[in-house]
Every structure is written in structure tokens, then in C-alpha cells.
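A structural walkthrough
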Amino acid sequence: MSEKEYVRKQKKDRPVVAICYDFDKTLSPDDMQAQGYIQSVGYDIPEFWKKSNILAAENEMDQNLAYMYLMKQEAEGKVLFTRRKLAEYGANVKLFPGVEQWFERIRKYGKEQGVIVEHYIISSGLKEMIEGTSVARSGAFEKIYASSFYFNDHDVAVWPAQVINYTSKTQFLFRIEKGVLDINDPAVNESFSPEEIRVPFRNIVYIGDSDTDIPCMKLVTTYGGHSIGVYDAQTEDKAKVYKMMRDGRIRYFAPADYTENSELDRLVKSIIDRTAANESLEALHYQCKRERIEADRKSSEEDREKAGLLMELENSPNFASTHSVIRKLRKIDDWTPEEREVLLQTAEKNSQVYSVLQDPDIREFYRGILGKIHPLTEEARKIKEIIENRKS
């Protein structure tokens, strides 16, 4: 069997901001399963979740596997449990105000600032339902990471294909960071240099609403990204976001209102603005770094050693350090005119060097430097006069 060829996203000439969303109670006011499916199999909502949680507790079962099992079991003889049917349930899922227009509007704003904006879902909900929503069908998301089923030839769900809980959510942040989006691509474990990272964590935004988002929020915040807690604007219940802020999980919170010029809209646009400015500095840093690497490649080890010693002498903080550096410098004979000039300037400007010019080792070193300068420059005459006048 041939190894699969994975498609990986490459770093662009523009910075990328990846905005990652939980789904239930982040983009939608309620759990997706509670907006049609649970009712269709004859349960009221609290009863279904109570039964699911008991099933998980009594069998040491992952809670997400428990609800997926119960959904399939309760559907038997009542409703079709197919990919198509789950997508139909998803099509009826309600969304918070402004969600329909949000993704394209934010993407367009990023483009105007020279930033590529990508939207990702990282959810414990059902991928098949999310794919049925109007925003997913319109192509809003770069990738949807969510729990999902394996379907047989008749399109009937028979087994979990992917189960995502609050801790396993974090792996997808690393996939987004490296552009390794396929869930089976082992390249997510490979080491990438900072220059190769497609979406540094500082450019990742995570938007969520509850405890299940905490590991992702904490990871993003710790590595310099932006975690945002959202709450329902109608209930104005901020207890969860206050707790997440108190525990250092998030940097910001806002109502789950995605309309233009809302608090959340202004906040995310500010993050994009900051990214555009910051990444221009990062690009300059990497340009300088590449130039230094190229210079190192072309220069000899001796040249690099000389440059390092000149810098040490220039920054010498005390007499002991000055004598130590001079001992090393005396072992070198071939100084360029530019390097001799640096040595003379250091002797005059660094008080720790200037004050010990009369010491035998310092004096002899500088006599050797002066002996190679013909005719003496103004700087050289100053140092010679100091040495001759102060010699013991």
C-alpha cells in the first residue's frame, strides 16, 4: 500500500491570522444536538444529556463517545441516522447575530491590512452537523475539526471516526501552526524553525465560551496568541468569562455578537491591525538574521573570533575584563585598517580601557597597533600621546 501524499499549507509572503472557534454556544446559542435531533428521538434535552453522562460515568467512557453512541442507539427505528440527515439537522442550527456575514467580512478586512485571515472550527460537536450549516456550505472554514462518524456504503453512521474532547482539541492548534492540516499527517511532530512556521502562535486567535475550551485558550495565551471568551448577549451571563479571565485563560471577553462594529468585531480587527504591524518587524528581524548567517558562511572562523573580541573590548565593563580580552587580542597579528581604527576608538571612549593604558600589557598591545599605522591618523596620535605621557 502506497503512502498517502499529504497536502500541506506553505508559508505565504503575507502573514496569516488563524481564527479558531468552538461551535456550540460560541457561534450558536445552544448545543447543536439540542436543536432538532434530541427532540426527534423522543427525549427532552436535559433527560438526553443526563442519560449520556450516566452512560459515560458507569462505563469509564469518554463523554463525547457516550453522546455519539446514544445518538446512534436512540435513532434506531425512529429516524434515519445518515450523513445527509445529520446535515439536515445542522441546516436548522441557529447562529448568533452576524455570524452569517462575519467570516467573509473579517477575511476582507485582513486582506485590506495585508494579512491572510483563515477560519477554523475546533469542536467537540458533530462535524456532519456543522457541515450542514449555511456558513460551512458557503465555504467559511479552512478546516473543520470536530467529532465525526464513519458511514457505511448506505451512508449510515456505524462507528466513530473521530472523537474530539477538550484536551485533544489542542493538537489541532499545532497542525494549524505548521500548516499540516490532515489529521493523520505525521509531519505535525516534525521540528520547524521559527522562519518556517506558517502561523506562529502569536497570530492565532481562539474564540470559545466554556471549560471545554480552556486547554486551547491556555495554550494560545501562553505562547503569545489571543484567547477570547464569549457570552450570550441576551442573558448577559458573564460568570464563565470572569472565571476564565481570573484563571489567566483568556485575555479578552465580549458578547457573542458578530455584527459589524460590535465589540467582538472591533476587537478582532484590532488584533489583525497589531499582527500586520508586528509581522513587518518580524520580517525585518529574519532578514537581518539571514544576512548575518550569510556573512558567517562567507567569513573565516578567525574573522568571527576577531569580531567577537573587538565587541568584548568595546563593551568591557571592568579592568579585569579589559586585561582578559587584551591577552586574547595580543595573539592576533593581522589587523585590517578598519579593525585598528576600532581598537583606537575603543581605547579613547571606553573608560575601563582608557584608565589602564599605562599598564604594561595594554601599553605594549597598543604600541604594536600604532606601529602599523603610517602615517598616524588623528585618533592614533591621541592614543600615542596618552601612552607616552603616562607610561611609567
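Relevant structure appears above.
The paragraphs below set out a description of the structure included in this document. Bear in mind that the values here come from a model prediction, so they are computed numbers and not experimental data.

About the criteria used
Residues numbered from 1 in each chain as written. Predicted model: local features only at pLDDT ≥ 70, side-chain atom pairs only at ≥ 80, totals over all residues. Heavy atoms only, no water. Pairing = 2+ DSSP bridges. Helix = DSSP H or I, 4+ residues; strand = E, 2+ residues; numbered from the N terminus. Axes fitted to C-alpha atoms, helices over the stretch in contact; angles between N-to-C directions. Phe/Tyr/Trp six-rings, centres within 6.5 Å; stacked < 30°, edge-to-face > 60°. Buried < 20%, exposed > 50% of the residue type's maximum accessible area, 1.4 Å probe, protein only. Parallel < 35°, antiparallel > 145°, perpendicular 65-115°, else oblique. Left-handed = near helix turned anticlockwise from the far one by under 90°. Contact = heavy atoms within 4.5 Å.

Attention shifts here to the sheet that holds strand S3 (residues 143-151). Taken in spatial order, the 7 strands make up an open sheet running S4-S3-S2-S1-S5-S6-S7, and their pairing is mixed. Two strands bound the open sheet, and with one partner strand each, they are strand S4 (157-162) and strand S7 (252-255). When strand polarity is set aside, the average angle formed by the axes of neighbouring strands in this sheet is 25 degrees. Across 4 bridges, the pairing between strand S5 (residues 204-208) and strand S6 (residues 226-231) is parallel.

The next subject is the pairing of S4. As judged from the 4 bridges shared by S3 and S4, these two strands associate in the antiparallel manner. By the bridge assignment, Phe-151 is partnered in S4 with Ala-157. In sequence, S3 turns back onto S4 through a hairpin of 5 residues, with Asp-155 there showing a positive phi of about 70 degrees.

Enumeration over the complete set of coordinates arrives at 16 aromatic pairs. When the centroid spacing of 4.3 Å and the interplanar angle of 20 degrees are considered together, the rings of Tyr-145 and Phe-172 count as stacked. Placement of Tyr-145 in strand S3 and of Phe-172 in helix H8 (residues 170-178) is noted, with a sequence separation of 27 residues between them. According to the relative accessible area criterion, Tyr-145 is buried, its value standing at 1%. Ring geometry for Phe-201 and Tyr-223: centres 5.4 Å apart, planes at 40 degrees, overall tilted. Of this pair, Phe-201 sits in the loop between H8 and S5 while Tyr-223 is found in the loop between helix H9 (214-222) and S6, placing the two residues 22 residues apart along the sequence. Residue Phe-201 is classed as buried on the basis of its relative accessible area of 6%.

Moving on to the packing of helix H12 (residues 301-314) against helix H13 (residues 319-329). Viewed as axis vectors pointing N to C, H12 and H13 meet at an angle of 155 degrees, and their least axial separation amounts to 9 Å. With respect to their mutual orientation, H12 and H13 come out roughly antiparallel. As for how H12 packs across H13, the hand of that crossing is left-handed. Contacts between H12 and H13 involve Leu-309, Glu-312 and Leu-313 on the former and, on the latter, Thr-322, Val-325, Ile-326, Lys-328 and Leu-329.

What follows covers the packing of H13 against helix H16 (residues 360-370). Contact pair H13 / H16: the axes reach a minimum separation of 10 Å and the direction vectors enclose 40 degrees. Between H13 and H16, the interaxial angle falls into the category oblique. As for the relative orientation of H13 and H16, their crossing is left-handed in sense. Seen from H13, the contacting residues are Thr-322, His-323, Ile-326 and Leu-329; seen from H16, they are Asp-361, Ile-362 and Phe-365.

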